[in-house]
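Here is how the chains run, residue by residue.
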Amino acid sequence: MTSIKNKLPIGIEDFKEIRTEGFFYIDKTGLIRDLLNNWGKVSLFTRPRRFGKSLNMSMLRYFFEIGNPKTLFDSLEISKETELCEKYMGKFPVISVSLKNINAPSFQIAFDTAMDTIQTEARRFQYLLESELLTTDEKAAYKNILRGEMNTSDLYGSLRLLSELLEKHHKSKVIILIDEYDVPLAKSYENGYYDEMLFLIRNLFEQALKTNTSLQFAVLTGCMRISKESIFTGLNNVSVLSVTNVRFDEYFGFTDREVRDLLAYYDLSAHYDTMREWYDGYQFGNVDVYCPWDVLNHCYTLRADPEAQPDNYWINTSGNDAVRRFIRESDNSGSVKREVEKLLAGETIIKEIHQELTYRDMYASIDNIWSVLFTTGYLTQRGRPDGTRFTLAIPNREIHSVFSIQIMDLFRENVKKNGERVNRFCEALKNGDAKGVEEQFGTYLRETISIRDTFVRKERKENFFHGILLGILGVKDSWIISSNMESGDGYSDIVIEIEKEELGIILKVKYAENGHFETACREALDQIENMRYDEKLQDEGIEKILKYGIACYKKRCRVVLTSE
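All values derive from a computational prediction rather than experimental measurement.

Visitor: Hey, could you run me through the overall build of the protein chain in this one?
Guide: Broken down by element type, the protein chain carries 22 helices and 20 strands. Expressed along its principal axes, the backbone C-alpha trace of the protein chain runs to roughly 95 × 60 × 45 Å. When burial is assessed residue by residue, the protein chain has 56% of its 564 residues classed as buried. Long-range pairs, those at least 24 residues apart, make up 72% of the contacts in the protein chain with a sequence separation of at least 6. As displayed, the protein chain offers around 24600 Å² of accessible surface, 44% of which is attributable to carbon and sulfur atoms. Here the protein chain contributes 74 positively and 87 negatively charged side chains, and the mean placements of these two sets differ by 4 Å.

Visitor: What should I look at first to understand the sheet that holds strand S9 (residues 287-290) in this one?
Guide: Through backbone hydrogen bonds, the strands of a sheet pair up, either in parallel or in antiparallel fashion. Spatial ordering of the open sheet is given by S7-S9-S8, a layout of three strands whose pairing is antiparallel. Lying at the two open borders of the sheet, with one neighbouring strand each, are strand S7 (254-255) and strand S8 (282-284). Two elements, S8 and S9, share three bridges in a ladder whose sense is antiparallel. By the bridge assignment, Gln-283 is partnered in S9 with Asp-288.

Visitor: For this particular structure, what's the right way to read the nonpolar core?
Guide: A general trend in soluble globular proteins is that nonpolar side chains are found buried together. In this structure, Phe-205, Leu-220, Phe-403, Leu-429, Phe-441, Leu-507 and Tyr-548 are the most contacted members of the largest nonpolar core, which totals 153 residues. Looking at this core, the element that brings in the most residues is helix H10 (residues 194-210), giving nine residues. For Leu-220, the residues in contact, after removing those within four places along its chain, are Val-42, Ser-43, Leu-44, Phe-45, Met-57, Ile-178, Tyr-181, Phe-205, Leu-209 and Phe-232. Ranked by size, the runner-up nonpolar core spans 35 residues in total, among them Phe-23, Cys-85, Val-94 and Ile-175.

Visitor: Please clarify how the side chain of Gln-406 should be interpreted in this entry.
Guide: Its place among the elements puts Gln-406 in helix H17 (residues 397-417). Residues in contact with Gln-406, not counting those within four places in the same chain, are Val-323, Arg-324, Ile-327 and Arg-328.

Visitor: What is the right way to look at the packing of aromatic side chains in this model?
Guide: Aromatic ring pairs are defined here through the distance separating the ring centres and the angle between the ring planes. Taken as a whole and assessed by the stated rule, the structure comprises 35 aromatic pairs. The interplanar angle of 80° and the centroid separation of 5.4 Å between the aromatic rings of Phe-64 and Phe-217 together place this pair among those described as edge-to-face. With Phe-64 in helix H3 (residues 53-64) and Phe-217 in strand S4 (residues 215-222), this residue pair connects regions lying 153 residues apart in the sequence. The residues Phe-64 and Phe-217 share a single accessibility class, namely buried. Here the aromatic rings of Tyr-282 and Phe-284 are separated by 6.4 Å at their centres, their planes lie at 50°, and the arrangement is tilted. With respect to class, Tyr-282 is no different from Phe-284; both count as buried. A connected cluster of aromatic rings, assembled from ring pairs, spans Phe-15, Tyr-25, Tyr-62, Phe-63, Phe-64, Phe-73, Tyr-88, Phe-92 and Phe-217. Lying over the aromatic face of Phe-284, Arg-47 brings its terminal NZ or CZ to 5.4 Å of the ring centre. When the ring centre of Tyr-272 is taken as reference, the NZ or CZ atom of Arg-260 above it lies at 3.9 Å.

Visitor: Is there a simple way to explain the sheet that holds strand S1 (residues 42-46) in this structure?
Guide: If you trace the five strands from one edge of the open sheet to the other, you get S2-S3-S4-S1-S6, paired in parallel fashion. The sheet is open, and its two borders are formed by strand S2 (94-98) and strand S6 (238-241), each paired with just one other strand. Sheet twist, expressed as the mean angle between neighbouring strand axes with direction ignored, is 15°. Sheet analysis places S1 next to S6, joined by four bridges and oriented parallel. Opposite Val-42, over in S6, you have Val-238 as the bridge partner. Helix-sheet contacts for helix H8 (residues 158-170) involve S2 and strand S3 (174-179), and the interaxial angle to S3 is about 150°.

Visitor: How should I be thinking about the packing of helix H6 (residues 136-147) against H8 in this particular structure?
Guide: How two helices pack is summed up by the angle between their axes together with the distance between the axes. Taken N-terminus to C-terminus, the directions of H6 and H8 make an angle of 135°; their axes are 11 Å apart at the nearest point. The angle between H6 and H8 places the two elements in the oblique class. Crossing of H6 against H8: the hand is left-handed. Counting all contacts with H6, which are made through Glu-138, Ala-141, Tyr-142 and Ile-145, the residues of H8 involved are Ser-158, Leu-161, Leu-162, Leu-165 and Lys-168.

Visitor: Could you clarify how one ought to interpret the state of the cysteines in this entry?
Guide: Each disulfide consists of one covalent bond between the sulfur atoms belonging to two cysteines. For the structure on display, the rule yields zero disulfides. Sulfur of Cys-291: no disulfide; nearest cysteine sulfur belongs to Cys-223 and is 11 Å away. Note on Cys-426: no disulfide assigned, nearest cysteine sulfur contributed by Cys-557 at a separation of 15 Å. Residue Cys-426 is classed as buried on the basis of its relative accessible area, which comes to 1%.

Visitor: Please explain helix H12 (residues 272-279) as it appears in this structure.
Guide: Residues separated by three or four positions in an α-helix point in the same direction, a consequence of the helix having 3.6 residues per turn. Tyr-272, Met-275, Trp-278 and Tyr-279 are the residues of H12 that are buried. Angularly, the buried residues of H12 cover 140° about the axis, an arc narrow enough to put them on a single face. Residues of H12 that are buried sit in contact with helix H11 (256-265), S8, S9, helix H13 (292-304) and H17. Positive phi shows up at Gly-281, right after H12, with a value of about 100°.

Visitor: Would you mind showing me how to read the pattern of salt bridges here?
Guide: Side chains that carry opposite charge are capable of pairing whenever their charged atoms lie near each other. One pass over the full model with this rule turns up 36 salt bridges. Two residues, Arg-421 and Glu-447, come together in a salt bridge whose shortest N-O distance is 2.8 Å. Taken together, the residues span a long stretch of sequence, with Arg-421 in helix H18 (residues 419-430) and Glu-447 in helix H19 (residues 434-447) at a distance of 26 residues. With relative accessibility at 14%, the residue Arg-421 sits in the buried group. As a salt-bridge pair, Lys-430 and Glu-501 come within 2.8 Å of each other at their nearest N and O atoms. Here Lys-430, found in helix H18, pairs with Glu-501, found in the loop between strand S17 (494-498) and strand S18 (503-511); they are 71 residues apart in sequence, far enough to count as distant. For Lys-430, a relative accessible area of 16% gives the class buried. Residues joined in a network through salt bridges with shared partners are Arg-33, Asp-34, Glu-77 and Glu-81.

Visitor: Honestly, H6 in this entry has me stumped. Any pointers?
Guide: Along its twelve residues, H6 runs 16 Å from first to last C-alpha, staying within 8% of the 16 Å computed at 1.5 Å per residue. Among the residues of H6, those classed as buried are Tyr-142, Ile-145 and Leu-146. Down the axis, H6 shows its buried residues gathered within 100° of arc, on one side only. Residues of H6 that are exposed and point over 90 degrees away from its buried face: Thr-136, Asp-137 and Arg-147. Contacts made by the buried residues of H6 are with helix H5 (107-122) and H8. Gly-148, located one to two residues past H6, shows a positive phi value of around 70°.

Rules and cut-offs
- Residues numbered from 1 in each chain as written.
- Predicted model: local features only at pLDDT ≥ 70, side-chain atom pairs only at ≥ 80, totals over all residues.
- Heavy atoms only, no water.
- Helix = DSSP H or I, 4+ residues; strand = E, 2+ residues; numbered from the N terminus.
- Buried < 20%, exposed > 50% of the residue type's maximum accessible area, 1.4 Å probe, protein only.
- Contact = heavy atoms within 4.5 Å.
- Areas by Shrake-Rupley, 256 points an atom, 1.4 Å probe, with all protein chains shown as cover.
- Lys, Arg positive; Asp, Glu negative; His and termini not counted.
- Charge placed at Lys NZ, Arg CZ, Asp CG, Glu CD.
- Pairing = 2+ DSSP bridges.
- Core = buried A, V, L, I, M, F, W, Y, C linked by side-chain atoms within 4.5 Å.
- Phe/Tyr/Trp six-rings, centres within 6.5 Å; stacked < 30°, edge-to-face > 60°.
- Lys NZ or Arg CZ within 6 Å of the ring centre and 35° of its normal.
- Axes fitted to C-alpha atoms, helices over the stretch in contact; angles between N-to-C directions.
- Parallel < 35°, antiparallel > 145°, perpendicular 65-115°, else oblique.
- Left-handed = near helix turned anticlockwise from the far one by under 90°.
- Disulfide = S-S within 2.5 Å.
- Arc of directions from axis to C-beta.
- Salt bridge = Lys/Arg side-chain N within 4 Å of Asp/Glu carboxyl O.
- Expected span 1.5 Å × (residues − 1).

Following this line, the structure appears as structure tokens:
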């Protein structure tokens, strides 16, 4: 009889729900021990999205907060630390807010959302209204927060006021947890009210984290490490723990051992190599980590369909604007274009990385965009940095596909802008002018960013050149283009029908390993014949069929034609 497995916690960010509702949990409670043993008044953890920040914040809340069941931590790593548990577990009032919902088209709506966020958290403490330790005026101030009756100054001081009231009632200092601290700044920059939001967040944080005598300690999380000069003005008690720090490096993301154990638990160990190729490759401090969101989602998919192919789970949760901007900027720089090609080929590059930026600075230069790509998880480090100089790489197959998609999108846009060149290519193609096809296709290859990967099979290397051809041909609305269409005894690459001219064209692409173009062209033409790729066209009554063997290697190509 098959044992019932714990559920996979897809999108579950509440620690208590995971521990009480039968979800699988990868133990990250060692973070609590290390946080207490390496004391910091204000700790800021910066990690890419979907790497477990919110779940860890929930875990901290349930550990420290007064009144939560201690059984939530039974059998977990932190339970072995008996002295720490005795001293800190369930001993503090905790204020826990997430700023990720402060996403609005105007500052006024964002202000109201921020007020609602704090109001919602304040509702958890309505026992303060009955407290004999609070004065009438203090209760009245608290009621203003509950009712959302706050002006700008009240909002600035709201977290500090809640801290003071909680300390007075519980006779214990307060822990403040602020998740996704940088989301309001990112959204305000996108929507044109950055200065107003910057002023709000700066004042809110200064009162809550600097001038707050009721504060025990605070933990913040976010994706970007925003410049201290822009948001943490006057805060000299912030300890920033980014992806480059060794301390706490294993607590965000899944380690290789954790992924192996997860796969074994669900009887999916046979998929380890694929999981590693697609979702591993991030280096946080000294630890190699996987993206948790990807691992959990792919496990979920595999449990229903063991033959399922990897998907881009992480990149589908964002617009990937940083990569899109970067690819468009690099299109105007030959040197940057070559650096992108090196990364796509599985190589590394060395770049100066600035981890502290303002949102105004992020896209001000191509140099700053390198830093944005690094801090947001589209690039990762290899080895140890030399000061601010980092050896950078694309982490894994999924992120490789992010770059590939954006490159191909830009290529298709550029193709449409030059209709004359498209027409020259297509005229040569339908006229049987192999030399003309070769010249035009070679020009396209030289001008676009090459998507090649030295670590993949030959068949995958052919996909890039196949995509370039489709990007060109896609402009011809009157042509019927079929890609990888089943025909005869196999799958052709590209089949074209030009109905008005009763003409068919078959294109077979081969990767010319080590530049052996003639051999690759002959293999392509032989495959067209042996696999009878022309059968479907003949069934359609098309008598004139042009067959092209196309060999590609890096930015060069060779085109050979046979016809009948």
